[in-house]
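Structural overview for review
Here's the letter readout for the chains.
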Amino acid sequence: MNTRPDPDKLLALVTADEGRLARGSLKIFFGSSAGVGKTYAMLAEAQRLKDDRDILIGVIEHHGRAETKALTEGLPVLPLLEIDHRGVKVHEFDLDAALARKPALILMDEFAHTNAPGSRHPKRWQDVEELLDSGIDVYTTLNVQHLESVNDQVARLTGVWVRETVPDSVFDEATDIALIDIPSDELLKRLADGKVYVAEGANTRAAENFFKKTNLGHLRELALRRTAERVDAQNDQLSAALGHNEAALSEKVLVLVGPDSFSARLIRHTRRMAGRAKIPWTALYLQTDRHELLDQKARLRVEHNLRLAERMGAQVVRINGAHAATAIITYAMANGFTRVVVGNRKAPFWQRWGKSLSQKLIERGDGLEITTLSADYATSEIAESSRPRLTTPLIVPLVSYAYAALIVAGVTAAGYPLRGITDPDNLALFYLTGVVLVAARFGIGPALLASVISIPAFNFFFTVPYYTFNFYDAHYYFTFAFMLVTSLIVGSLTARLSLHARIARKSERETRLLYDLTRGLSSVRGYAAMADVASRHLGSALNAGVRLWVSEDKTLTAFPDAPVDIKESGAVQWVSINGQIAGRGTDTLPSARGLYLPLMAENKTLGVLGLTPQDDRTFTGADILVFETIASLIASALQRAQRADEAEKSRIDTENEKLRNVLLASLSHDLRTPLTVMNNSVSTLLKQRKKLPREAVDELTGLWGQMQRLQKFVTNLLKMAAITSGQLKLNFEPYLIQEIIGAAIARVEPQKERRQIRTQINGRIPLVMIDGALIEQVLLNLLENAFTHTTANGVIMISVENDADRVRVRVSDDGEGLKPGEEDQIFEKFHTHQAEKSDRAPSGTGLGLAICRGIVQAHGGMIYAKNNPAKEGKAAGASFIFTLPVAKDQAKEL
């Protein structure tokens with residue numbers, strides 16, 4: 001049996017740990033109920049750590065308990081933010097102030113608290129998430145009844161429905177869980193002593209309604225079990241990475257979600273089931289014809305249930321289908337689900353003749369495990385919930401019924417001239433045609449009216465005796481019955497077909513919108529033009545104002561440019577920074593008027609799409625799915641435009657580089673010959689300096705020095721041209737790097753003045769496979785660079801150390817160091833460095849370090865620069881480090 005650790009999973013664990021280091025850590029003090037001592041334990045630990053860490057109290061609810069309040073002494077407290085809500089002043093946690101203060105650790109009591117309207121986030125746990133994303137550690141408190149997955153269990157056990165909940169995913173991602181637990185009898189004693197609630201009369205009410213010994217026992221069991229499940233999941237994750245008895249994750253669970261409150265219980269049950277089995281789960285909403293007939297309250301409940309599932313960690317899927325059981329089984333089998341969870345409640349008496357959805361799934365789900373959960377009306381939420389209400393097709397404008405009557409009258413008038421020509425039974429088909437027209441245009445209600453009034457109209461005008469409601473022939477009983485039944489069936493089918501046609505037209509409009517938007521975006525260039533295309537295509541189709549913000553150099557540019565309300569601007573900035581949707585109808589800044597979606601491409605936020613409805617409607621989950629698709633299309637267009645700009649810039653840079661290299665080569669070759677001649681002539685004159693006047697000798701000496709400098713510049717140009725053109729020839733031989741360093745120091749001896757050059761060899765240094773002359777040139781250039789940026793009494797250190805199959809060489813000085821962000825630029829061609837506090841003009845040609853980089857990279861090494869650690873708050877110079885490959889024989893020995 002292979003028990004070796006899985007390298008991919010170990011890497012994933014390490015990567016996750018690195019991500020946690022960048023993100024703040026969350027510690028939850030978890031308990032079974034109020035009064036077990038969570039806040040006390042959190043404050044006690046903060047007091048223990050306050051001398052070592054910067055700790056800030058964000059929110060603490062001590063409820064007047066003296067022993068808890070005493071533990072806040074000595075800890076700084078963040079002032080609360082005052083919010084005016086309908087004329088009432090409420091105080092909430094000040095998120096922006098906490099982010100600006102940025103302590104190492106912040107204390108946030110009551111994790112499940114609901115913020116007042118006007119806050120950035122509706123829930124305190126969302127504030128905590130933003131603090132964690134900013135790298136701030138958080139301590140918080142939570143009771144088990146506030147966990148989303150056990151919310152319905154708590155309601156059934158205690159009879160109390162808790163409205164404030166926290167997603168289980170947030171609980172599971174916490175860095176540490178501290179379980180705070182005390183015996184039920186001790187908690188009841190604390191309650192009797194007034195240490196849980198202090199309001200007069202509150203203790204008795206709480207004990208009667210919630211703090212019963214049986215309830216507290218159940219809550220303790222839930223808290224212990226939930227903590228154990230989390231520990232078990234962490235152990236399984238580590239064991240799987242180490243190759244120890246990994247469970248096969250081949251199972252998948254599908255839960256069916258509907259427009260009733262019973263679906264919330266189904267979702268929580270499935271979350272617990274999937275969590276214990278450690279398998280993924282999906283929430284499915286099947287959108288049939290009935291969806292179009294749901295009233296607004298039922299549609300909102302669908303969105304609430306789907307959001308609940310998403311918060312609890314489910315993947316949310318919406319599909320269309322005419323036949324529920326067939327569509328569900330087909331989707332489940334096509335996507336590898338092994339278990340389907342469906343609700344079952346007692347059907348009304350008029351529907352009991354048919355089979356329920358769960359029965360149909362059991363019959364057709366060959367190989368699937370069908371879990372049926374019966375409705376339980378014991379809890380308050382289920383008791384108060386009602387079945388989803390359909391918008392009855394009979395409730396239509398009265399004018400539609402009037403038109404139905406007029407169409408029947410028109411059909412009667414059209415058939416009247418044929419009364420004596422054809423058999424009356426044939427004229428009945430005229431009325432069927434009228435019913436079809438009414439059903440297609442006005443729906444099933446007016447069609448029923450047309451069906452009903454068609455019978456007396458046919459009897460009155462087309463059966464003998466005419467103009468009475470009597471008839472002589474008995475077979476008309478069958479004719480009238482046939483007309484009525486046929487009219488009802490045809491009308492119903494026509495109305496349903498009309499509904500399908502409306503759904504298809506809606507889908508076609510969405511597809512057409514996406515197609516036109518894609519085509520429009522692909523035909524324009526520039527952000528302003530793209531914003532104009534988006535506004536033209538989306539504005540009228542969505543009945544919303546459309547704006548685009550594009551991120552350029554860490555700033556957002558709006559298209560079209562117009563003033564924005566400060567609340568809307570804050571939402572745009574938040575979306576750009578966090579890469580998440582916010583605004584109207586979401587859990588972040590829901591009071592904003594617009595909905596703002598990030599334009600994401602390759603995990604990078606390119607901008608923000610803003611949609612502001614022209615009316616007061618709230619966007620549904622289906623609307624947001626369409627908007628996210630639109631945002632993805634716009635993001636792809638922005639990315640394409642940015643890449644096109646980058647490609648054009650790269651092409652221009654390449655052309656410029658080619659031209660520069662040609663000029664460098666031509667200039668250096670053209671200058672080299674006359675410079676050599678001039679240098680020889682001046683040198684010859686200087687040899688005869690005894691025959692020349694003193695002033696002439698001085699001028700010639702100065703000229704000779706400048707010519708030496710110019711000749712060195714031309715030599716550097718030639719080397720740079722050879723490096724950039726790929727014509728640099730390397731003569732690789734094994735060398736002791738110490739010999740190369742000694743030769744370089746000897747060559748700069750005349751230039752070092754009073755500076756000290758020290759060397760440090762760390763350990764045994766192997767031979768390196770290099771071109772000795774070129775690496776000596778690298779050291780010469782680095783030493784001359786150090787001379788330029790140190791005083792005449794400066795100290796320069798050359799250190800060498802072995803690094804696996806590389807030798808690392810460091811040249812350090814004690815000058816003023818590099819400016820921030822200059823570490824990479826300093827190796828660019830013609831870049832000259834000037835210290836921040838220096839008044840000297842930049843010296844050198846800016847080619848020395850570029851040549852160093854080219855030579856080192858040609859050897860397969862790397863070179864970089866960084867500032868030395870500051871000493872007593874002052875700069876301590878810079879270091880230039882490069883690596884060289886060890887000779888192969890030496891590498892084998894190592």
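The text that follows walks through the structure, step by step, so that each part is easy to find. (Residues numbered from 1 in each chain as written. Predicted model: local features only at pLDDT ≥ 70, side-chain atom pairs only at ≥ 80, totals over all residues. Heavy atoms only, no water.)

1. Things to note about the side chain of D137
Checked against the element boundaries, D137 lands in strand β6 (residues 137-143). Of note is the side chain of D137, whose polar atom sits 2.8 Å from the backbone nitrogen of S25. Here the side chain of D137 touches R53 through a polar contact of 2.4 Å, side chain to side chain. Excluding residues within four positions of it along the chain, D137 makes contact with G24, S25, R53, A104, L105 and I106. (Helix = DSSP H or I, 4+ residues; strand = E, 2+ residues; numbered from the N terminus. Polar contact = N/O pair within 3.5 Å; in protein donor to acceptor, adjacent residues only side chain to side chain. Contact = heavy atoms within 4.5 Å.)

2. Considering the pairing of strand β14 (residues 555-559)
Direction of pairing for strand β13 (residues 544-552) relative to β14: antiparallel, over a ladder of 5 bridges. Along β14, the bridge assignment pairs L548 with F559. Linking β13 back to β14 in an antiparallel pair, the connection comprises 2 residues, with D553 at a positive phi of about 55°. (Pairing = 2+ DSSP bridges.)

3. Regarding a positive patch on the surface
A cluster of basic residues, R502, R505, K506 and R509, forms a positive patch at the surface. Look at K506 and you get partly exposed, because its relative accessible area is 42%. (Patch = residues over 30% accessible without salt bridge, like charges linked within 9 Å, V, L, I, M, F, W, Y side chains within 5 Å. Areas by Shrake-Rupley, 256 points an atom, 1.4 Å probe, with all protein chains shown as cover. Salt bridge = Lys/Arg side-chain N within 4 Å of Asp/Glu carboxyl O. Lys, Arg positive; Asp, Glu negative; His and termini not counted. Charge placed at Lys NZ, Arg CZ, Asp CG, Glu CD. Buried < 20%, exposed > 50% of the residue type's maximum accessible area, 1.4 Å probe, protein only.)

4. Concerning helix α14 (residues 324-334)
A325, A327, I328, I329, Y331 and A332 are the residues of α14 that are buried. Buried-residue contacts for α14 involve β8 (253-256), β9 (281-287), β10 (315-320), β11 (339-344) and α15 (357-364).

5. So, the sheet that holds β6
The strand order across the open sheet formed by 5 strands is β2-β5-β6-β1-β7, and the pairing between neighbours is parallel. Bordering the open sheet on either side are β2 (55-59) and β7 (176-180), each of which pairs with just one other strand. Averaged over all pairs of adjacent strands, the angle between strand axes in this sheet comes to 20°, irrespective of strand direction. Against the sheet, helix α2 (residues 38-49) engages β1 (26-31), β2, β5 (105-108), β6 and β7, with an angle of about 160° to β6. Running at roughly 175° to β5, helix α5 (residues 124-133) makes contact with β1, β2, β5 and β6 of the sheet. (Axes fitted to C-alpha atoms, helices over the stretch in contact; angles between N-to-C directions.)

6. Focus: unusual backbone geometry
With an omega of -5°, the peptide bond running from F559 to P560 counts as cis. Relative to the helices and strands, P560 resides in the loop between β14 and α22 (566-578). We note that K102 has phi near 45°; this positive angle belongs to a residue other than glycine. Its place among the elements puts K102 in the loop between α4 (95-101) and β5. Judged by its relative accessible area of 49%, K102 is partly exposed. Backbone geometry at Y467 places phi at a positive 65°, although glycine is not the residue there.

7. With respect to the packing of helix α20 (residues 476-522) against helix α21 (residues 527-542)
At a minimum axis distance of 9 Å, the contact between α20 and α21 shows a crossing angle of 165°. Our classification of the angle between α20 and α21 gives roughly antiparallel. The element α20 and its partner α21 pack so that their crossing is right-handed. Contacts between α20 and α21 involve L513, D516, L517, G520 and L521 on the former and, on the latter, M530, V533, A534, H537, L538, A541 and L542. Here the residues of the contact of α20 with α21 sort into 9 nonpolar, 2 polar and 1 charged. (Parallel < 35°, antiparallel > 145°, perpendicular 65-115°, else oblique. Left-handed = near helix turned anticlockwise from the far one by under 90°. Nonpolar A, V, L, I, M, F, W, Y, C, P; charged D, E, K, R; others polar.)

8. Here we look at the sheet that holds strand β21 (residues 795-803)
If you trace the 5 strands from one edge of the open sheet to the other, you get β19-β21-β22-β24-β23, paired in mixed fashion. Every interior strand has two partners, whereas the edge strands, β19 (756-762) and β23 (863-867), have only one. Averaged over all pairs of adjacent strands, the angle between their axes in this sheet comes to 20°, without regard to strand direction. Bridge count between strand β22 (residues 806-812) and strand β24 (residues 878-885): 7 bridges; the pairing is antiparallel. Looking across to β24, one finds that S812 is bridged to S879. This element, helix α26 (residues 772-788), spans β19, β21, β22 and β24 of the sheet and lies at about 175° to β24.

9. Side note on the environment of V138
Among the secondary structure elements, V138 is positioned in strand β6. On the basis of relative accessible area, V138 is assigned to the buried category, the value being 0%. The residues touching V138, leaving out its near neighbours within four places in the chain, are S25, L26, K27, L105, I106, M108, V128, L131 and L132.

10. So, the side chain of R755
Examined against the element boundaries, R755 turns out to sit in the loop between α25 (737-747) and β19. Judged by its relative accessible area of 9%, R755 falls in the buried class. From its side chain, R755 meets the backbone oxygen of F787 in a polar contact 2.9 Å long. When near neighbours in sequence (up to four residues on either side) are disregarded, R755 contacts F787, T790, T791, A792, G794 and I796.

11. Observations regarding the pattern of salt bridges
Counting across every chain of the model gives 33 salt bridges. Its salt-bridge partner being K89, residue E82 comes within 3.9 Å of it at the nearest N-O pair. By relative accessible area, E82 is classed as partly exposed at 48%. We note a salt bridge from R808 to E801, for which the minimum N-O separation is 3.7 Å. One connected set of salt bridges, linked through shared partners, spans K27, E45, R48 and D176.

12. Focus on the environment of G821
Looking at the element boundaries, G821 is found in the loop between β22 and α27 (822-825). When the C-alpha atoms of G821 and K866 are compared, they prove to be 9.8 Å apart, with 45 residues separating the residues in sequence.

13. Details of empty space enclosed by the protein
Following the criterion strictly, the structure yields 3 cavities of 30 Å³ or more and no others. Roughly 90 Å³ of volume is contained in the largest cavity. Residue lining of the largest cavity: S149, V150, Q153, D168, L222, R225, R226, E229, R271, R272, G275 and R276, and that is the complete set. Elements represented by at least two residues in the lining of the largest cavity include exactly α10 (213-242) and α11 (262-277). Here the lining of the largest cavity is composed, by residue class, of 2 nonpolar, 3 polar and 7 charged. (1 Å grid on protein atoms, 1.4 Å probe; cavity = no way out; pocket = protein on both sides within 12 Å on 5 of 7 lines; lining within 4 Å. Points joined across faces, edges and corners; volume = space filled by probe spheres on them.)

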